[in-house]
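Spelled out from the first residue to the last, the chains are:
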Amino acid sequence: MQNVILRLVDVPMVRMFILAGILFLFVAVVGKIEGKIEPGSIGRIGAAILGVILIVIGITMQYSETHDIYAKLPPNVVAALPPQNVVAATSPASAPAVAETIAIKVVSGTYGRNCNAKPGNATAQVAKACDGQSSCDYTIDTTVLEDPSPGCSKDFVAEWKCGDNNAVYSTALSSLTGKNDKLRLSCSN
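Since this is a predicted model, take the numbers as computed values, not measurements.

Novice: Can you lay out the environment of Ile 18 for me, pointing to particular residues and giving the numbers?
Specialist: Among the structural elements, Ile 18 can be located in helix α2 (residues 13–30). With near-sequence residues (within four places) excluded, Ile 18 lies in contact with Leu 54, Ile 55, Gly 58 and Ile 59.

Below is the structure:
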């Protein structure tokens, strides 16, 4: 049961809004559910309104995420785009603006996801090593990580964002050798 709950909570916020909206609409339509949920007519109307609002919020969030053209591109492609050179018109000696370095912000690090480990169990270690850098080679040190399932050949997954971008990038090693395993996280080419 714990595994099911973890998987339900480990979904994008957009899906959570839409699923919650559908659940409230279901309560509004069905009404009485096995004697445990018995909303009156005002409760059913409220559930219907809340369900529609949650679905609209979820769809709006999905629409705004999918229409960010740079969010769909890998970070190395975005970094390869020519920077816009901005020159101030009032200063004759001004130089072109320097392209800003895009920093890594670690979202999650999971050691042993394939062995039913708790999602994000290595986030702090990856974040400590890589946050704020434009690229990072994270060396996986299994001696400092919690072993979720002894005897199981574990994987390692890292997820990160680049700067203020909403896109989440990930990299993984399907099985670790235990010696100098590295993951490369990058927001530059």
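Further notes follow.
Novice: Residue-level account of the pairing of strand β4 (residues 169–173), with values.
Specialist: Both strand β3 (residues 156–162) and β4 contribute to a ladder of five bridges, which runs antiparallel. Across the sheet, residue Trp 160 finds its bridge partner in β4, namely Tyr 169. Linking β3 to β4, which pair antiparallel, is a turn of six residues; within it Gly 163 sits at a positive phi near 60°.

Novice: Give a description of the packing of aromatic side chains that names residues and reports values.
Specialist: Evaluation of the coordinates by the stated rule reveals three aromatic pairs. Their ring planes at 40° and their centres at 6.3 Å tell us that Trp 160 and Tyr 169 sit as a pair that is tilted. Residue class for Tyr 169 comes out buried when judged on its relative accessible area of 11%. In textbook terms, an aromatic cluster arises when at least three aromatic residues are bridged by ring pairs, as seen for Tyr 111, Tyr 138 and Phe 156.

Novice: Can you tell me about unusual backbone geometry, naming the residues and giving the values?
Specialist: Backbone geometry places Asn 116, a non-glycine residue, at a positive phi of 65°. Along the chain, the position of Asn 116 falls in the loop between β1 (104–111) and α5 (123–130).

Novice: Explain the state of the cysteines to me, using residue names and the numbers behind them.
Specialist: Per the stated rule, a full pass over the model turns up three disulfides. The residue that forms a disulfide with Cys 115 is Cys 152, at a sulfur-sulfur distance of 1.8 Å. Sign of the S-S torsion, about -80° for the bond between Cys 115 and Cys 152, identifies this disulfide as left-handed. Here Cys 115, found in the loop between β1 and α5, pairs with Cys 152, found in the loop between β2 (135–139) and β3; they are 37 residues apart in sequence, far enough to count as distant. With its sulfur 2.0 Å from that of its partner, Cys 130 forms a disulfide with Cys 136. On the S-S bond that ties Cys 130 to Cys 136, the torsion sits near -55°, and the link is left-handed. The class of Cys 130 is buried, set by a relative accessible area of 0%.

Novice: Outline the pattern of salt bridges, listing residues and values.
Specialist: Enumeration over the complete set of coordinates arrives at two salt bridges. A salt bridge links Arg 184 to Asp 137, with the shortest nitrogen-to-oxygen separation between them at 2.8 Å. Within this pair, whereas Arg 184 is found in strand β5 (residues 182–186), its partner Asp 137 is found in strand β2, the two being separated by 47 residues in sequence. Residue class for Asp 137 comes out partly exposed when judged on its relative accessible area of 44%.

Cut-offs applied
- Residues numbered from 1 in each chain as written.
- Predicted model: local features only at pLDDT ≥ 70, side-chain atom pairs only at ≥ 80, totals over all residues.
- Heavy atoms only, no water.
- Helix = DSSP H or I, 4+ residues; strand = E, 2+ residues; numbered from the N terminus.
- Contact = heavy atoms within 4.5 Å.
- Pairing = 2+ DSSP bridges.
- Phe/Tyr/Trp six-rings, centres within 6.5 Å; stacked < 30°, edge-to-face > 60°.
- Buried < 20%, exposed > 50% of the residue type's maximum accessible area, 1.4 Å probe, protein only.
- Disulfide = S-S within 2.5 Å.
- Salt bridge = Lys/Arg side-chain N within 4 Å of Asp/Glu carboxyl O.

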